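# Structural characterization, general
Each chain, written out:
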Amino acid sequence: MRQITYREAINEALEEEMTRDETVFIIGEFVSNEPFGTHKGLYAKFGKKRVRDTAISEAAIVGSCVGAALAGYRPIARLDFMEFLIIAADEVLHKAAKWRFCHGGKQAIPIVYRIGIGGYIGGSVEHSQCLESIIMHTPGLKLAIPATPYDAKGLLKTAIRDNNPVVFLEHRLLLGVKGEVPDEEYTIPFGVADIKREGKDITVVATGYMVQLTMDVANQLQERGISVEVLDPRTLEPLDIETIVSSVRKTRRVVIVDEDTMRCGVTGEIGMQVLEKAFDDLDAPIRRVAAANLPIPGGIMEKYVLPQPQDIADAIGEVLGLKERLTVRPLGRFKFDMEHMKSPK
Amino acid sequence: MELTKEQKIKLYTNMVRVRKLDEMMVKGILAGKTLAFFHSQQGQEAVGVGACTFLRKDDFIFYSHRGHGISKLLPKGVPSRAIIAEHYGKATGTCGGISGFHTSDMELGIPGISGTLGGDFVIAAGLGIAAKMRGKGQVVVCIQGEGTYGRGTFHETMLMAANWKLPVIWGVENNLYMGCTPISEIHPKENFADLAVGYGVPALVVDGQDVIAVHEAFQTAVDRARAGEGPSMIECKTYRIRSHAEGIPDLRITEPRPQEEIEAWKKRDPINLFQEKLLKEGILTPVNVEWIDREATKEMEEAERVATEDPLPDKAVLQKALYAD
């Protein structure tokens, strides 16, 4: 099968859905030439009516999507950083999420908020966060966090066709990652977890960039005879808790990994749901790996806050009851794939 | 274009209907039937009625908490029974009894209301984008209280609407008080309409007690928007007769609002002013006036009676209301 990057997969999904449905349009700051390269060719093909550049006006970007959706359009807002979405907190957490509910449940509000997320770029406090916990916490928003090019394309097409607001989180460090994506049309349903790697000794639940870190750790541990199952829920709302629970019933041990702040976070939510459903099936306590309860510092300091491969390996070792530390390779310095910047448009 | 006799009678009748419904809503609070709250708009009828009575069915409107929108909703065709029923928490209410006080009906061009003030501006812009893309001449009329124009969302929206020439008409329903705060405490200038100047958007200040003046100002703006010429802003100077919300003291900062101020504005009651004019023009007779009053009273009494008997919603609707299929 052909291999394309995560960035190209996103671009294909946008191009295909905008071609298929003329009510789909994109709105945001410099979306005509999106600096992370996911919009290549869109402005040239669809024009300024459907690829709409705005001022720095997050509330108007995020909120106008609600109005356009109420009137029968399918807007896609692109915000390059999660922090920008939180500027428009009222618009995303109240208007997009709750407008249908508080008006009696008769309207459809099809929106995709495509948001760039993630640390490990030295970006400091306000350019490194994921904040998926806030979104998962809010009733009325669906939440997808693709980890591979295949998932990115299939989930984005589903998000665009969904009749509800979907927050779609794209990790910056995944954009250049290559993976198999078929030529033919496909979509991936929401609420269906994917076992990224089968294993029998322990289950590790992770999303987004954390899937990549976990896979890397799992491959290193395989050499030491430890078989790690890596489970990616792919969407956190809806959450496929059944598949998580059945994996835990099989391995009887679980570690949950998330890039967002640990406190009141995704790991706590999933962990508690596992306890409620499968407490008796566990042979060891659950361990969580997530960002420390600190803001994310810039530069080299961020490694003391963001989850590291060694943190994942240590949690696995602890749940397995190993006396010896499972040492794994540390993360190298991040490298942005900026190939796309060489030929804009 | 000069309004016909029938159109003038319609404006008058709508104002009377809005006043009678407002009075019924106040009674609903006193009777303990209204489950949340009510913000009476008595004295401000001409703004919504003048702006919304002759809009197209597929035009969109946004209203505020003032009167919970009734001066815009009745002219746009929402039945009074459904509005009362929503306040009584009934399944037949404008939002199925879920909202407490919201009204939404996309068939009538009513998307709903933001709970946070100023949240509607950006949504109105989105409907403006849709209306413009669709190209059928639809317009969006978004009327908010003057205090709401303090929100930053207004700046972002105005920039977007002006830049893309969106067919949106921004109405400032300036009743001179933001809650108990007189606007001189929160706004550096007399006219909020001046805000439009920086965006190159035409703006107008009109007497909000004169329903014809309000209608004409909005009609000009609507015609402009339909022709693709972009947004306008209209400020209507008006005054609310009752307290900010039923049951709370009617204050100016920390003292009671001056009685002489209230009495002076009562002399400029929009319904009385228009009634006098129509009587003088021979468009209405005292008999007509009495008949319109009686019919409106009957409508609201019947609506209230039916709403009282309407069923309560089932708990199961909550789960279904969260996501669309």
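## A closer look at the overall build of chain B
- The secondary structure content of chain B amounts to 11 helices and 9 strands.
- A compact globule built from 325 residues should have a C-alpha radius of gyration of about 20 Å, and chain B, at 19 Å, falls within 12% of that.
- Principal-axis analysis of the C-alpha atoms places the extent of chain B at approximately 55 × 50 × 45 Å.
- Considering only intrachain contacts with a sequence separation of at least 6, the fraction spanning at least 24 residues in chain B is 74%.
- Total accessible area on chain B is roughly 13200 Å²; 56% of this is exposed by carbon and sulfur atoms.
- A gap of 3 Å separates the mean positions of the 38 positive and 43 negative side-chain charges of chain B.

## Side note on empty space enclosed by the protein
- All chains considered together, the criterion is met by 5 cavities of 30 Å³ or more.
- In this structure, the largest cavity spans a volume of roughly 60 Å³.
- If you go around the largest cavity, the residues you meet are Ile117, Cys130, Glu132, Ile145, His171, Thr207, Gly208, Tyr209, Met210, Asp258 and Glu259 of chain A.
- Elements that contribute at least two residues to the lining of the largest cavity include exactly helix H8 (209–222) and strand E13 (254–261) of chain A.
- Partitioning the lining of the largest cavity into residue classes produces 5 nonpolar, 3 polar and 3 charged.
- By volume, the second largest cavity is sized at about 50 Å³.
- Every residue along the wall of the second largest cavity is listed here: Gly50, Ala51, Phe54, Leu55, His215, Phe218, Gln219 and Val222 of chain B.
- Where the lining of the second largest cavity is concerned, the elements lending two or more residues are helix H2 (45–52) and helix H7 (211–226) of chain B.
- At 4 residues, H7 of chain B tops the list of elements feeding residues into the lining of the second largest cavity.
- Looking at the lining of the second largest cavity, its residues break down into 5 nonpolar, 3 polar and no charged.

## Digging into the sheet that holds strand E6 (residues 203–207) of chain B
Residues and elements named next belong to chain B.
- Taken in spatial order, the 5 strands of this open sheet run E1-E2-E3-E7-E6, and their pairing is parallel. In the strand order of this sheet, the two ends are held by strand E1 (60–62) and E6, each with one partner. Averaged over all pairs of adjacent strands, the angle between their axes in this sheet comes to 15°, without regard to strand direction.
- When strand E2 (residues 140–145) meets strand E3 (residues 168–174), the two strands line up parallel, connected through 6 bridges. Within E3, the residue paired with Val141 across the bridge is Ile169.
- Sheet contacts for helix H5 (residues 120–134): E1, E2 and E3; angle to E2, the most-contacted strand, approximately 170°.

## What to know about the sheet that holds strand E7 (residues 165–171) of chain A
All names here are of chain A.
- Across the sheet, 7 strands lie side by side as E3-E2-E4-E5-E7-E6-E12; this open sheet has mixed pairing. The sheet is open, and its two edges are formed by strand E3 (51–54) and strand E12 (235–237), each paired on a single side. Geometrically, the sheet is characterised by an average inter-axis angle of 20° between neighbouring strands, direction not taken into account.
- As paired strands, strand E2 (residues 24–29) and strand E4 (residues 74–79) are joined by 5 bridges and run parallel to one another. From the neighbouring strand, Ile27 faces E4, where its bridge partner is Ala77.

## Side note on the nonpolar core
- Counting 147 residues, the largest nonpolar core has Leu85, Tyr113, Val167 and Ile316 of chain A together with Trp170 of chain B as its most contacted members.
- Setting aside anything within four residues of it in sequence, one finds Leu85 of chain A in contact with Val62, Leu79, Val92, Tyr113, Ile115, Ile135 and Val167 of chain A.
- By size, the runner-up hydrophobic cluster in this structure holds 56 residues, among which are Met15, Leu73, Val141 and Phe218 of chain B.

## Some details on the confidence of the model for chain B
- Per-residue confidence for chain B averages 97 on the pLDDT scale, and 100% of its residues sit at or above 70.
- The complex prediction reports pTM at 0.97, with the ipTM value standing at 0.96.

## Concerning the packing of aromatic side chains
- Throughout the structure, instances matching the rule amount to 14 aromatic pairs over all chains.
- A ring pair is formed by Tyr120 of chain A and Tyr209 of chain A, whose centres lie 5.1 Å apart and whose planes are at 65°; its orientation type is edge-to-face. Residue Tyr120 of chain A is located in the loop between strand E5 (111–117) and helix H6 (132–137), and its partner Tyr209 of chain A is located in helix H8; the two are separated by 89 residues in the primary sequence. Take Tyr120 of chain A and Tyr209 of chain A: they sit in the same class, and that class is buried.
- Aromatic rings pair up to connect Phe121, Tyr149, Phe154 and Trp170 of chain B into one cluster.
- Directly above the ring of Trp164 of chain B sits Arg52 of chain A, whose terminal nitrogen or CZ lies 4.1 Å from the centroid.
- Over the face of the ring belonging to Tyr323 of chain B we find Lys142 of chain A, whose NZ or CZ atom lies 5.2 Å from the ring centre.

## Topic: the pairing of strand E10 (residues 202–205) of chain A
All names here are of chain A.
- On E10, burial covers both faces: Ile202 and Val204 on one face and Thr203 and Val205 on the other are all buried.
- In terms of strand pairing, E10 meets strand E11 (residues 228–232) through 4 bridges, oriented parallel. Bridging from a neighbouring strand, Thr203 pairs with Glu229 of E11.
- Both E10 and E13 contribute to a ladder of 3 bridges, which runs parallel. Bridging across to E13, Thr203 finds its partner in Val254.

## Comments concerning the packing of helix H1 (residues 5–30) of chain B against helix H9 (residues 270–280) of chain B
All names here are of chain B.
- Two elements in contact, H1 and H9, have axes separated by 10 Å at closest approach and are oriented at 150°. When the axes of H1 and H9 are compared, the pair comes out roughly antiparallel. The hand of the H1/H9 crossing is left-handed. Of the residues in H9, those in contact with Lys8, Leu11, Tyr12, Met15, Val16 and Arg19 of H1 are Pro270, Ile271, Phe274, Gln275 and Leu278.

## Examining the interface of chain A and chain B
- Listed as interface residues are 43 residues of chain A and, on the opposing side, 41 residues of chain B.
- In this assembly, chain A packs against chain B so that about 3200 Å² is buried in total across both faces, 64% of it on carbon and sulfur atoms.
- Elements with a minimum of two residues in the side of chain A that touches chain B: E2, helix H2 (42–50), E3, helix H3 (58–70) and helix H5 (89–102) of chain A.
- In terms of residue count, the dominant contributor to the side of chain A that touches chain B is H3 of chain A (10 residues).
- Partitioning the side of chain A that touches chain B into residue classes produces 17 nonpolar, 14 polar and 12 charged.

## Digging into unusual backbone geometry
- Here the amide bond leading from Glu237 of chain A into Pro238 of chain A is cis, since omega sits at 0°, within 30 degrees of zero.
- Its location among the elements puts Pro238 of chain A in the loop between E12 and helix H9 (241–251).
- Positive phi outside glycine occurs at Lys165 of chain B, with the angle close to 50°.
- Examined against the element boundaries, Lys165 of chain B turns out to sit in the loop between helix H6 (152–163) and E3.
- Residue classification places Lys165 of chain B among the partly exposed residues on the basis of a relative accessible area of 43%.
- For Ile253 of chain B, which is not glycine, the phi torsion reads 60° and is therefore positive.
- In this fold, Ile253 of chain B is placed in the loop between strand E8 (251–252) and strand E9 (255–256).
- For Ile253 of chain B, a relative accessible area of 39% translates into the label partly exposed.

What counts, and where the lines are drawn
Residues numbered from 1 in each chain as written. Chains lettered and ligands numbered in written order. Predicted model: local features only at pLDDT ≥ 70, side-chain atom pairs only at ≥ 80, totals over all residues. Heavy atoms only, no water. Helix = DSSP H or I, 4+ residues; strand = E, 2+ residues; numbered from the N terminus. Rg over C-alpha atoms; globule rule 2.2 N^0.38 Å. Contact = heavy atoms within 4.5 Å. Areas by Shrake-Rupley, 256 points an atom, 1.4 Å probe, with all protein chains shown as cover. Lys, Arg positive; Asp, Glu negative; His and termini not counted. Charge placed at Lys NZ, Arg CZ, Asp CG, Glu CD. 1 Å grid on protein atoms, 1.4 Å probe; cavity = no way out; pocket = protein on both sides within 12 Å on 5 of 7 lines; lining within 4 Å. Points joined across faces, edges and corners; volume = space filled by probe spheres on them. Nonpolar A, V, L, I, M, F, W, Y, C, P; charged D, E, K, R; others polar. Pairing = 2+ DSSP bridges. Axes fitted to C-alpha atoms, helices over the stretch in contact; angles between N-to-C directions. Core = buried A, V, L, I, M, F, W, Y, C linked by side-chain atoms within 4.5 Å. Buried < 20%, exposed > 50% of the residue type's maximum accessible area, 1.4 Å probe, protein only. pLDDT = per-residue confidence, 0-100. Phe/Tyr/Trp six-rings, centres within 6.5 Å; stacked < 30°, edge-to-face > 60°. Lys NZ or Arg CZ within 6 Å of the ring centre and 35° of its normal. Parallel < 35°, antiparallel > 145°, perpendicular 65-115°, else oblique. Left-handed = near helix turned anticlockwise from the far one by under 90°. Buried area = accessible area lost by both parts, 1.4 Å probe.

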